[in-house]
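Here's the letter readout for the chains.
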Amino acid sequence: MIDPRHLKTLRALADHGTVTAAASALHLTPSAVSQQLTALAKSTGCTLLEPHGRRVLLTQPAKILLDHADAIMERYEHVESDLREFRQGAVARMRIASFSTAISGFVAATVAMLGRDEAGWRVEIEEAESEESIALLLDRDVDLAVVMIAPNRPLLADRRLHLEPLLDDRYQAVVPADHPLAAAGVVGRLADLAEEPWVLSRTWTSCHEIVAGACAAAGFQPRADHYTTDFSASVSMVEAGLGVTVIPELGLPLRLPDSVRALRIEENPPHRRIAAAVRRGSSQPELLSALRKAIVDRGFAGAASEVVAESEV
């Protein structure tokens, strides 16, 4: 008989590529992982792995097993969700992974709300960028991941995941207070800043990709001498007169310096889509409802309401 625990180990190997990495994800020793994989091969009567340098390749029987393993884990998530409301007096320990601006924007408020409203709940936050958050979710180290949807994140298309939209986070222009556009209080088009020196996110980030794409669609390439992954640092550079920038609403400091202005972009502003990822079968309605309420309570304009289709990821 096939042991479901061994299927979970095979899935970890497929996700992480090596026995050592799978063991780390499962909190086991490499020897224990190897023993489980050997037992799984024996119980199925099939060769599951083929050596390939320091890594191993999955055989066709192993890939078939993975399809069934994913289906079994999805049913397990359904069972957990269905039984949750019947557990009396149990302490619910939940974990949310999220990138930093979402934590400061609404995730921290969500956890505080749940602590007040859900007796016996203990909700923990782990800061992680979207790619790492998805890995933590698939490894079952967290129960929900707040992620930014971007083309360079293929893990978001994993069929084991379900995505729920949370926020369409629109970018605003940040300019010096004495800039000609500051008096108008709004930027009509992104191209109105085409001749300015820019401060941009670093080139490998999704934020850089979003802004560069929006600028290209507006017919120009921003001229940047300064790059940072920190939105507060971007504002400081604008304050120092080093250029202009655009920052998502979540990334704007709560209090801007008097010497800078954040301006709404009226026509085709850059935006980033933020979603909650859960394992398929695990709906997490309490967490999702609390996240959406926190977003509305904190006044973010782009609250989302429709399910993200896998084809859009």
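How each quantity is defined
- Residues numbered from 1 in each chain as written.
- Predicted model: local features only at pLDDT ≥ 70, side-chain atom pairs only at ≥ 80, totals over all residues.
- Heavy atoms only, no water.
- 1 Å grid on protein atoms, 1.4 Å probe; cavity = no way out; pocket = protein on both sides within 12 Å on 5 of 7 lines; lining within 4 Å.
- Points joined across faces, edges and corners; volume = space filled by probe spheres on them.
- Helix = DSSP H or I, 4+ residues; strand = E, 2+ residues; numbered from the N terminus.
- Nonpolar A, V, L, I, M, F, W, Y, C, P; charged D, E, K, R; others polar.
- Core = buried A, V, L, I, M, F, W, Y, C linked by side-chain atoms within 4.5 Å.
- Buried < 20%, exposed > 50% of the residue type's maximum accessible area, 1.4 Å probe, protein only.
- Contact = heavy atoms within 4.5 Å.
- Pairing = 2+ DSSP bridges.

## Side note on the layout of surface pockets
To find the voids left in a structure, one rolls a probe of water-molecule size over its atoms.
Consideration 1: Estimates place the volume of the largest pocket at around 670 Å³.
Consideration 2: In terms of lining, the largest pocket is formed by 29 residues, of which the most central are Phe99, Ser100, Thr101, Phe231 and Arg272.
Consideration 3: Looking at which element gives the most residues to the lining of the largest pocket, the answer is helix H5 (residues 100-117), with four residues.
Consideration 4: For the lining of the largest pocket, the class distribution of residues is ten nonpolar, 13 polar and six charged.

## Concerning the nonpolar core
Here is a general trend for soluble globular proteins: nonpolar side chains tend to be buried in one another's company.
Consideration 1: Membership of the largest hydrophobic core comes to 59 residues, with the highest contact counts inside it found for Phe106, Leu144, Val146 and Trp198.
Consideration 2: Those residues in contact with Leu144 that lie beyond four places of it in its chain are Arg95, Ile96, Ala97, Leu137, Ala276, Ala277, Val278, Gln284, Leu287, Leu288 and Leu291.
Consideration 3: If you look at the next biggest cluster of nonpolar residues, it comprises 16 residues, including Leu10, Leu26, Leu48 and Ala69.

## Considerations on the pairing of strand S1 (residues 49-52)
Consideration 1: Sheet topology places S1 next to strand S2 (residues 55-58); four bridges connect them, and they run antiparallel. In the strand pairing of S2, Glu50 is matched with Leu57.
Consideration 2: Turn length for the S1-S2 hairpin, with the two strands adjacent in sequence and antiparallel, is two residues, and the turn residue Gly53 shows positive phi of about 65 degrees.

## Re the side chain of His208
Consideration 1: With respect to the helices and strands, His208 occurs in helix H7 (residues 206-217).
Consideration 2: Discounting chain neighbours no more than four positions away, the residues touching His208 are Leu200, Ser201, Arg202, Thr203 and Tyr227.

Interpretation in functional terms is not warranted from these geometric data alone.
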